[in-house]
Amino acid sequence: MKPADNPSGIVFDIQHFSVHDGPGVRSTVFLKGCPLTCRWCSNPESQKHQPELLHFEKLCTLCGICVEECPNGALTVADDELRRDETACKLCGLCVSVCPQDARQLSGRRMTVEEVSTEVRQHWRIFMQSGGGVTLSGGEALAQPAFTGALLGFLHDELGFHTCLDTTGFLPWESFETLLPAIDLILLDLKHMDDARHREATGIGNARILENARHLGERGFPVIVRLPLIPDYNDTDDNLHALGRFMKTVRLPKIEVLPYHEFGVSKYTALGKTYTVHSRIEPKAERAASILGDYGLDVTVAPR
Ligand code: SF4
Ligand code: SF4
């Protein structure tokens, strides 16, 4: 079975055997591009819409193989570092494949609905046995709405897979609503209840996200709210109480607290970016869970 229409999108990873992105064992498809720029993002390579090259300097031995192989003369070794001329680089990925140290990575490749479906459907048996399926994540999966809509439709309606959407919730409700028939579960990030503080750390306000959360609650749509717990940002009692009150009011009963980690920090350097959150404060996940639980919510804490 093939998708009738076969649009393509930019995918930066597909992880199989995932157990943290919805029920059962799942394949998670990570789409590139996001309207938010969260300061703690553990996948900074997901934020730009176009493919990007990462260079892990600590792994590079400056052997010069990639310099020799680059068909566009974009690479040079100078002053004990490998430099890339971004105007000459065509993102062909050859330097990635020839590097003996795995010091380079190309994030993002164009894939069609059929290509993604063919890859994930190899795992259909484990989906069925475990009650799992396919999760679309990002970046923001809804930043490529035509591709995401077609992919969800094919996976859900044609292949019969359980589908889950991991989303920031930042899109007009009218667009969101049209996708719901092909989604079984939404994982919805709520990062901060205060509009100004949300804007300060993510680049956008939270009004549209909260409005969409309200619509989903009114419809009784299956949603698990996700709170990435960031020290000294959204782990304050004020914010947690505001979140608990909001979820109770809009009738969203489930929340998963995601403890703070710094697993993605090396990728910031590899992209030439700076990570600005660094914190020595112990995560307060259990305290957050306790406050949220007082609002009658079904709270889980994800493993770190
Ligand atoms: S991606 Fe291709 S063009 Fe760009 S630096 Fe690597 S080999 Fe050269
Ligand atoms: S091939 Fe790899 S290790 Fe050698 S210079 Fe290029 S990036 Fe560094």
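So, how was this worked out
Residues numbered from 1 in each chain as written. Chains lettered and ligands numbered in written order. Predicted model: local features only at pLDDT ≥ 70, side-chain atom pairs only at ≥ 80, totals over all residues. Heavy atoms only, no water. Salt bridge = Lys/Arg side-chain N within 4 Å of Asp/Glu carboxyl O. Helix = DSSP H or I, 4+ residues; strand = E, 2+ residues; numbered from the N terminus. Buried < 20%, exposed > 50% of the residue type's maximum accessible area, 1.4 Å probe, protein only. Near = heavy atom within 4 Å. Nonpolar A, V, L, I, M, F, W, Y, C, P; charged D, E, K, R; others polar. Lys, Arg positive; Asp, Glu negative; His and termini not counted. Polar contact = N/O pair within 3.5 Å; in protein donor to acceptor, adjacent residues only side chain to side chain. Expected span 1.5 Å × (residues − 1). Contact = heavy atoms within 4.5 Å. Pairing = 2+ DSSP bridges.

This next bit is on the pattern of salt bridges. Opposite charge on two side chains allows them to pair when their charged atoms are near. Applying the stated criterion to the full structure yields 14 salt bridges. For Asp166, the salt bridge identified is with Arg226, shortest N-O distance 3.5 Å. Placement of the pair is Asp166 in strand β9 (residues 162–167) and Arg226 in strand β11 (residues 223–228), with a sequence separation of 60 residues. For the pair Asp166 and Arg226, one class covers both residues: buried. For the salt bridge of Arg197 with Glu200, the shortest nitrogen-to-oxygen distance reads 3.0 Å. Note that Arg197 and Glu200 are positioned in helix α7 (residues 195–202) at a spacing of three residues, about one turn of the helix. Among the residues examined, Arg197 registers a relative accessible area of 28% and is labelled partly exposed. Residues joined by salt bridges that share partners form a network here, namely Asp21, Asp166, Arg226 and Glu256.

All right, on to the site of ligand 1 then. Around ligand 1 there are 13 residues in total, and Cys70, Cys89, Cys92, Gly93 and Cys95 lie nearest to it. Among the residues forming the shell around ligand 1, the class breakdown is nine nonpolar, two polar and two charged.

Checked against the element boundaries, Arg26 lands in strand β2 (residues 26–31). Of the buried charged residues, Arg26 lacks a salt bridge, with Asp184 as the closest side chain of opposite charge at 6.5 Å. Reaching out from Arg26, the side chain makes a polar contact with the backbone oxygen of Val134 at a distance of 3.1 Å.

Further remarks concern helix α8 (residues 207–219). Between its first and last C-alpha, α8 extends 19 Å over 13 residues, near the 18 Å set by a 1.5 Å rise per residue. Looking at the buried residues of α8, the elements they touch are α6 (173–179), β10 (185–189), α7, β11 and α9 (237–250). Following α8 by one or two positions, Gly220 adopts a phi angle in the positive range, close to 70°.

Let us look at the pairing of strand β3 (residues 52–55). Residues Glu52 and Leu54 line one face of β3 and the alternating positions Leu53 and His55 line the opposite face, and both faces are buried. Summarising the sheet, β3 and strand β6 (residues 104–107) pair through four bridges and their orientation is antiparallel. By the bridge assignment, Leu54 is partnered in β6 with Gln105.

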